[in-house]
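# Structural description and commentary
What follows is the residue order along each chain.
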Amino acid sequence: MTNTTPLPAPLPDGIHELPAGKLAAVVTYLEMFTRPAPRPAPEQPELTLVRHVAPDLDWYRALYRRVGEDWLWFSRLYMEEAALAAILTHPDVEVYSVRKGGVDLGILELDFRDDENTELAFFGLHESLIGGGTGRWLMEQALDKAFAHDIKRLFVHTCTLDSPQALPFYIRSGFTPYGRAIEVMDDPRVAGALPRSAAPHIPLIG
């Protein structure tokens, strides 16, 4: 059946003011269809990638915040327990942590629930692991695990609230940008999902 739902009207050119307590981000969508040639990455003997089947929700949210708080990751903090558990316990969702010295300091989440479109749902490292090729190491792990399945397309999105290194990193890793959107949302610091001290590089208004 043809989808006849009209597309939303595009925003007119110009500056659009936001109310206090709101944030706006430019979202970039990226995709790849085949496994790119591996990018050499330094060995990371102190790190292990650990699979978590049906992870505990408190553990998951703590890791999510540890990795994403400075970039205002908030979506999983707002989700109802049952909805989040339904994702994390689904057999076609794979959750991994990057562990160093017994502490989980990175997250990798792959969502295979759509046969046509596999999502690199979450990918990130705590600031203590950034640099030295750890991101390349984790991306190689992610691509190996994604393309070990018979997938047709792997996609990911990033936004201007993320690290400014994120978008060029995904492109260097073999993803191609294919779309862009503007997302407007409540500032999670104002809403109380994150402390007001989070992401000091993004001014809190409201």
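Analysis parameters
- Residues numbered from 1 in each chain as written.
- Predicted model: local features only at pLDDT ≥ 70, side-chain atom pairs only at ≥ 80, totals over all residues.
- Heavy atoms only, no water.
- Helix = DSSP H or I, 4+ residues; strand = E, 2+ residues; numbered from the N terminus.
- Rg over C-alpha atoms; globule rule 2.2 N^0.38 Å.
- Buried < 20%, exposed > 50% of the residue type's maximum accessible area, 1.4 Å probe, protein only.
- Contact = heavy atoms within 4.5 Å.
- Areas by Shrake-Rupley, 256 points an atom, 1.4 Å probe, with all protein chains shown as cover.
- Lys, Arg positive; Asp, Glu negative; His and termini not counted.
- Charge placed at Lys NZ, Arg CZ, Asp CG, Glu CD.
- Pairing = 2+ DSSP bridges.
- Core = buried A, V, L, I, M, F, W, Y, C linked by side-chain atoms within 4.5 Å.
- Phe/Tyr/Trp six-rings, centres within 6.5 Å; stacked < 30°, edge-to-face > 60°.
- Expected span 1.5 Å × (residues − 1).
- Arc of directions from axis to C-beta.
- Polar contact = N/O pair within 3.5 Å; in protein donor to acceptor, adjacent residues only side chain to side chain.

Along its length, the protein chain carries 6 helices and 7 strands. Walking the protein chain from its N terminus toward its C terminus, one meets helices and strands in the order β-β-α-α-α-β-β-β-α-β-α-β-α. Computed over its C-alpha atoms, the radius of gyration of the protein chain comes to 18 Å, within 12% of the 17 Å expected for a compact globule of 206 residues. Taking the principal axes of its C-alpha atoms as reference, the protein chain extends roughly 50 × 45 × 35 Å. Expressed as a percentage of its 206 residues, the buried residues of the protein chain come to 42%. Partitioning the contacts of the protein chain with sequence separation of at least 6, the portion at a separation of at least 24 is 72%. Accessible surface computed for the protein chain: about 11600 Å², of which carbon and sulfur atoms make up 55%. Of the charged side chains in the protein chain, 19 are positive and 28 negative; the average position of the first set lies 4 Å away from that of the second.

The next subject is the pairing of strand β4 (residues 103–111). Burial within β4 is extensive, with 8 of its 9 residues counted as buried. The pairing of strand β3 (residues 93–100) with β4 spans 8 bridges and is antiparallel. If you follow Val 95 over to β4, its bridge partner there is Glu 109. Joining the antiparallel neighbours β3 and β4 is a turn of 2 residues, in which Gly 101 adopts a positive phi near 60°. Of the strand pairs in this sheet, β4 and strand β5 (residues 118–125) are connected by 6 bridges, and their pairing is antiparallel. If you follow Leu 110 over to β5, its bridge partner there is Leu 120.

This brings us to the nonpolar core. Core analysis: the biggest nonpolar cluster contains 28 residues, and Tyr 60, Leu 72, Leu 88, Ile 107, Phe 122 and Leu 161 have the highest contact counts within it. Of all the secondary-structure elements, those providing two or more residues to this core are β1 (22–32), α1 (57–68), α3 (81–88), β3 and β5. The leading source of residues in this core is α1, at 5 residues. In terms of nonpolar packing, the next biggest core, distinct from the first, is built from 26 residues, Leu 47, Leu 110, Ala 142 and Phe 169 among them.

Our next topic: the packing of aromatic side chains. Going through the model one piece at a time under the given rule, you end up with 10 aromatic pairs. Taken together, the ring pairs connect Tyr 60, Tyr 64, Trp 73 and Phe 122 into an aromatic cluster.

This part is about the side chain of Arg 61. Its place among the elements puts Arg 61 in helix α1. Arg 61 gets classed as buried once you look at its relative accessible area, which sits at 13%. Other than its neighbours up to four places away in sequence, Arg 61 contacts Arg 76, Leu 77, Met 79, Glu 80, Glu 81 and Leu 84.

Turning to α1, a few remarks are in order. The end-to-end C-alpha distance of α1 is 16 Å, a good match for the 16 Å that 12 residues give at a rise of 1.5 Å each. When we look at burial in α1, the residues that qualify are Leu 57, Tyr 60, Arg 61, Leu 63, Tyr 64, Val 67 and Gly 68. Buried residues along α1 cover an arc of 160° about the axis, so they all sit on one side. Along its buried surface, α1 packs onto α2 (75–78), α3, β3, β4 and β5. If you check the start of α1, you find a side-chain oxygen 3.0 Å away from the backbone N of Asp 58, and it comes from Asp 56.

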